[in-house]
Amino acid sequence: MRLTVPAIAAAFVMTGWVGAHAAEVAPGDVQIEDMAVEASLTGTPGNPEEGAKTFANRSLGNCLACHAVEALAKEQFHGNVAPPLDGVADRWSQAELRAIVVDAKKVFSDESMMPGFYSLDVGKNVREDLVGKTILTAQQVEDVVAFLTTLKE
Ligand code: HEC
């Protein structure tokens, strides 16, 4: 019998062998290949509504500080130092969007202003309370990616 990965994970969780976060990929272990991260960081599908909240939350994604997006135009002031994200799902695949959110520097360039949201190497001028931590949790990354994949034109 061939067990699929989710089936095995479910079996582990049901038997209590592993805790809730055991399936998470640690920030140092994320494989960015060809500008993409194919596998989910958590195995739990992202929730686009939660992702939109994280996206707009100033102490979490704070993506609106730099990016405009029509769907959240009413939320608050949004920046324009970075490309508007409308239609971003037409430009990038889900795996590429995951890589951009995990660590934009590995996708664009070391000079990118965009912070690495699931990297211990967050970027320049890191807030002291973030040293040694990622800005977003693995599930928050999945939620934001799920939100981004809804942005089609
Ligand atoms: C400090 C500014 C800044 C913040 C904050 C920021 N970004 Fe970016 N982002 C950029 C810049 C600048 C680029 C363009 C590529 C480059 O120059 O590095 C970019 C590019 C992107 C792209 C590719 C856009 C395209 O059309 O090709 C996506 C997707 C993206 N960002 C998502 C996000 C998400 C999601 C967040 C929040 C979790 C976020 N960004 C937060 C500055 C930022």
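This one's a predicted model, so the numbers in the text were calculated from it and none came from an experiment. (Residues numbered from 1 in each chain as written. Predicted model: local features only at pLDDT ≥ 70, side-chain atom pairs only at ≥ 80, totals over all residues. Heavy atoms only, no water.)

**Re the site of the ligand**
Contacts to the ligand come from 23 residues, most closely from Cys 63, Cys 66, His 67, Ser 112 and Met 114. Taking His 67, its side chain carries an N or O atom lying 2.8 Å from a nitrogen atom of the ligand. Trp 92 places a side-chain nitrogen or oxygen 2.7 Å from an oxygen atom of the ligand. At the level of secondary structure, the elements contributing two or more residues to the shell around the ligand comprise α3 (88–91), α4 (94–102) and α6 (138–148). Top element by residues in the shell around the ligand is α4. It accounts for three residues. Looking at the shell around the ligand residue by residue, the classes come out as 18 nonpolar, four polar and one charged. (Near = heavy atom within 4 Å. Polar contact = N/O pair within 3.5 Å; in protein donor to acceptor, adjacent residues only side chain to side chain. Helix = DSSP H or I, 4+ residues; strand = E, 2+ residues; numbered from the N terminus. Nonpolar A, V, L, I, M, F, W, Y, C, P; charged D, E, K, R; others polar.)

**What to know about the coordination of the iron atom of the ligand**
Angles at a metal have ideal values that depend on geometry: 109.5 degrees with four tetrahedral donors, 90 or 180 degrees with six octahedral donors. Each protein donor to the iron atom of the ligand is listed here as His 67 (NE2) and Met 114 (SD); together their distances run 2.0 to 2.2 Å. Of note is the iron atom of the ligand, whose six donor atoms meet at the metal with angles of 87 to 177 degrees in an arrangement that counts as octahedral. Taken together, the positions of His 67 in the loop between α2 (48–56) and α3 and Met 114 in the loop between α5 (104–107) and α6 put the pair 47 residues apart, joining distant regions of the chain. (Donors = N, O, S within 2.8 Å, 3.2 Å for Na, K, Ca; no water. Tetrahedral: all angles 85-135°; square planar, octahedral: opposite > 155°, others 65-115°.)

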